[in-house]
Amino acid sequence: MLILFLFVIIIGAIFIAIVISSELSKLTEIFNRAEAVKNQDRGNPLERDRLEQSVKLYEQCNRLVMKSPWLQIAANFKIVDKNTYLNTITRLDREIERRQHFKVLYYQGKKQIDDKYFDLALANFSQAQQLFNTDEIALLIIQCDSQLEVQKKYELVLNRAKILAREGKFQLAVDLLKPTLIDFDRIDGATLLNKLKQAFEAKQRFAKGLQLERSGKLNDAKNYYQQVLDIAPDLTECQIRLAIVAIKSGDVSEVLSYLDNIDGERAAYLRGFACVIQSNWRQADKEWHSLLHPEVKSQRQHLKTLARQDRLLTMQKIEQFVDDGDLDRAKQTSLQFISKFGVDPLVENNLYGHIQPLLETHIWKTQDWSLITTTAEQFWLESQDMSSLHNWAVASYYQAHQDPDKIADLIIAWSTALANIDRDPALKDVPWFPNLPPDLAQIAINLIELLEKLIDPIKDKNLGRYLQLRDLYRWQIVALHLTKNLPHTQVRVNQILMLPGSYQRHAHTLPQSELPDESWCRLYTNWGPAVAACIEGDTNRGLQIQPQTKPVSVAEKSAKSFITYHEGCYYLQQYNWRKAIEPFKQVRSEINNFPKSIDEIDRLCGKQRQEIDKFEEHLEFAQFWYDLVASKTAGSYLAEYKAMQVSGKLAEEQITLNEGLNQLLQLKKIDDTNPVVLDTIDKIEIVQETNNIIDLIKQNRLEEAVRRAKFSTRQEVKYRIAEILIDASIAGARNRRSSREEILQLVSWAQEICPYEPTFMEVYHSLGLN
Amino acid sequence: METNLANAYDVLGVPQTASNAEITKSFALAMKERKYSPDAIAKARKSLMNPEDRIIADYLRPVLPTIHRFKCQDFTALNEPVPSIDWLSEFDRLEETIVDPNEVSEIDTQLGIALF
């Protein structure tokens, strides 16, 4: 035994030695390669490749030691020195960093020599020399030193030339710079010389412009001045000359654009003079307010008289237009007056108390419904009050009677007017009406009927057009009903509720704020008609008319999701659940936001379920339904079919009892009261318990088996074990292998387990057991 | 106005305040005048005699504002002489700006500042 033990120890030691030796030889091989690569480095500070390669190999050695337990043992016995690698890596890294720094300094210096900045190059090379004192660096330093004096002289000339240029002494600057550049041609000198050429150019063109202006060739002068501005855009004198040329040539509107942000008396005078020509007295006075010139001061006095005269002339014009019956021009001139001179009570009262009412009354008398409707809509946009909205709706009604192409306009105006019927002045204080308030709901119903009477005849003439009108009509009516129930959350202009049609029609003219993230806002987007169709249960039409563009705003995205949700419901209604998968997938996270969506999906899925025959499809559909809403009904359905699937697999022995039980326990989490799941779990547990007891019997641990069966809570287990015992007793009696005592014992155990089982009673009695 | 477009009040030529008796009277008059077809006149009468229809006829009328009197302005001040505002050549300075090209001018200084 001892020999064997020693043998094993020796074999083990040999094995360890072989492994360590193998690992060591691998380590040595990498280490040798690292050393060889390192030794190939020739110390050139511009080269780093070999050092970097050898660092990688040292790191490999270090990793090998850290990873291998055998090499760790070797390290513990000092056969391998881990620190050697780490120290070498640190040393080499430092060297690589030094060379990198050197390289940067070297190339920067070289570039500076090329650019003729020898002082900067010298500084860089001196720093580089501190790192590596190479022959080349020493030569470069000498080269820089030799050029420093020349560079200094050049820079003195350059600076002097710049000062001369800034003083406007361009020729002197050129004379100074040009010869220097022959000896020392640096880029900043060449750039300065080019700029000086541009300055000459600008100077010449400006002089030419002045000559042309003097000779009255104002357009040519303007061209030359513009060319000067192309070279020097901020040249104030040139901008002022352009403004003067504009005044001289009568292009007063251009003056202000030339003088924008220019300070000084001349610019202020020119701006004021341009305002005078434009009869903008107030602005002219503002511009001249700070001018000290005595002539300007006296001209400012004239401004007041001119302004008064201008006001009176404009008022006279208004009066004349009214006298001539030209109310449109009277209105326009009144508005211009208010905009120019500010609010004047007389002009304003005449406009809103006389001109505007007369204009409206006259227009209604024309019976030109196209003109009346256009004007009424314009008045509505200007006034944004109930009277003008009412008039627009009524005018649209008569116009649509004349021209069915205008029914769409009528739907928009009519529905918004109806949305505000409670504030409609036409139904207030009706003189013949009893003192009771009118039944607005009934009136609204009757007015909607009038609208429908106009739409319905289109059906026989043009079905496509009819459907479009119905879409528009439905959109407004759905919004009307929905927003009536949400009094505080609608789009309003001056307290007037806007329905989606007028909201969109006047999007650019009436004040609007961004739609909030609320469900009713979906109707105010371009998806509104489709949303309304879905709300009304006409999802098929909604899908047809929804925009094909990508939703952008929050409200648009919400509207699109709403339609997509209804698309899913629509396919379920059609018993085509597979087509519903994609739309529901797109809105999965938003489904809870849609009212009663879970109940609706449960209802539709319940109906779809009735249409499915195949077991596999039931399984797929149940999973889809459960994934979609995870409702109790969906869970119960899924659990039931999954349990049936587990039963099937067990029956075909595709899975073990334990696997089956685990799967069923998972299903219990989905629906813990599902009878199919619970029943299948119970069956498996019966089989498992029975098998366990049978195993005890097979192991001849009969008493333990009997005890387990006796105390089992499952009648099926008790019966099965008692049956086995009785079968064994009968078999023993038949083949005479068992003694009477043994037979009696077996039956007695069976009776202990199932004392009252009628099937076994005969056997109990036959052996005298009660 | 087309017959089917006319408001019942306009067909019978009665104001909104009209009583049933006035409507009946106007109906007879309208039939005599024949500005509209007898059918339209009959319809208008029926409509105005039925409160449910009459309120719709009320609704289908424009709500027009009251026309106030136009108030005139006194324009006698327009007879006063109108002063004129003339261009002040001091602000032009064209001649002063034209200088000898060899001299360093104001524009050169401005160019120097603008470009350098």
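Provided above is the structure to which this section pertains.
Our subject in this report is the structure included herewith. These numbers were taken from a predicted model, which means no experiment stands behind them.

Here we come to empty space enclosed by the protein. The tally for this structure, following the rule as stated, stands at 2 cavities of 30 Å³ or more. Quantified by volume, the largest cavity comes out at close to 70 Å³. If you go around the largest cavity, the residues you meet are Met 315, Ile 318, Glu 319, Leu 346, Val 347 and Asn 350 of chain A together with Phe 70, Lys 71, Gln 73 and Phe 75 of chain B. Of the residues assigned to the lining of the largest cavity, the class counts are 6 nonpolar, 2 polar and 2 charged.

A word on unusual backbone geometry. As a rule of thumb, non-glycine residues mostly have phi less than zero, and peptide bonds are mostly trans rather than cis. All names here are of chain A. Positive phi, close to 55°, is recorded for Lys 596, a residue that is not glycine. Mapped onto the elements, Lys 596 comes out in the loop between α27 (577-586) and α28 (597-610). The phi dihedral of Ala 630 falls on the positive side, at around 50°, and the residue is not glycine. Along the chain, the position of Ala 630 falls in the loop between α29 (615-629) and α30 (632-651).

Take the packing of helix α10 (residues 236-248) of chain A against helix α12 (residues 265-277) of chain A next. All names here are of chain A. Packing of α10 against α12 brings their axes to within 11 Å, and their N-to-C directions diverge by 20°. Taken as axis vectors, α10 and α12 run roughly parallel relative to one another. The interaxial crossing formed by α10 with α12 has left-handed handedness. In contact with Glu 237, Ile 240, Arg 241, Ala 243, Ile 244 and Ile 247 of α10, α12 contributes Arg 266, Leu 270, Phe 273 and Ile 277.

The next subject is the pattern of salt bridges. For the structure on display, the rule yields 46 salt bridges over all chains. Across the pair Asp 92 of chain B and Lys 248 of chain A runs a salt bridge, and its minimum N-O distance is 2.9 Å. Of this pair, Asp 92 of chain B sits in the loop between α4 (51-59) and α5 (94-97) while Lys 248 of chain A is found in helix α10, placing the two residues in two different chains. One network of salt bridges, in which partners are shared, links Asp 41, Glu 95, Arg 98 and Arg 99 of chain A.

This part covers a positive patch on the surface. All names here are of chain A. Judged by side-chain charge, Arg 423, Lys 428, Lys 484 and Arg 492 come together as a positively charged surface patch. Considering the arrangement of structural elements, one finds Lys 428 in the loop between α19 (407-419) and α20 (440-455). On the basis of relative accessibility, which here comes to 44%, the residue Lys 428 falls in the partly exposed class.

Now for a negative patch on the surface. Together, Asp 439 and Glu 449 of chain A together with Glu 52 and Asp 53 of chain B make up a negatively charged patch on the protein surface. In this structure, Glu 52 of chain B sits in helix α4.

A separate point is the nonpolar core. Nonpolar side chains tend to gather and get buried jointly when the protein is soluble and globular. Within the largest apolar cluster, 216 residues are counted, with the highest numbers of intra-cluster contacts made by Trp 414, Phe 584 and Ile 601 of chain A. Each residue touching Trp 414 of chain A, except ones within four places of it in the same chain, is listed here: Ala 393, Val 394, Tyr 397, Leu 447, Ile 448, Leu 450 and Leu 451 of chain A together with Tyr 59 and Leu 60 of chain B. Core analysis: the next-biggest nonpolar cluster, separate from the first, contains 25 residues, Ile 693, Ala 722, Ile 726 and Ala 750 of chain A among them.

Quick notes on the rules
Residues numbered from 1 in each chain as written. Chains lettered and ligands numbered in written order. Predicted model: local features only at pLDDT ≥ 70, side-chain atom pairs only at ≥ 80, totals over all residues. Heavy atoms only, no water. 1 Å grid on protein atoms, 1.4 Å probe; cavity = no way out; pocket = protein on both sides within 12 Å on 5 of 7 lines; lining within 4 Å. Points joined across faces, edges and corners; volume = space filled by probe spheres on them. Nonpolar A, V, L, I, M, F, W, Y, C, P; charged D, E, K, R; others polar. Helix = DSSP H or I, 4+ residues; strand = E, 2+ residues; numbered from the N terminus. Axes fitted to C-alpha atoms, helices over the stretch in contact; angles between N-to-C directions. Parallel < 35°, antiparallel > 145°, perpendicular 65-115°, else oblique. Left-handed = near helix turned anticlockwise from the far one by under 90°. Contact = heavy atoms within 4.5 Å. Salt bridge = Lys/Arg side-chain N within 4 Å of Asp/Glu carboxyl O. Patch = residues over 30% accessible without salt bridge, like charges linked within 9 Å, V, L, I, M, F, W, Y side chains within 5 Å. Areas by Shrake-Rupley, 256 points an atom, 1.4 Å probe, with all protein chains shown as cover. Lys, Arg positive; Asp, Glu negative; His and termini not counted. Charge placed at Lys NZ, Arg CZ, Asp CG, Glu CD. Buried < 20%, exposed > 50% of the residue type's maximum accessible area, 1.4 Å probe, protein only. Core = buried A, V, L, I, M, F, W, Y, C linked by side-chain atoms within 4.5 Å.

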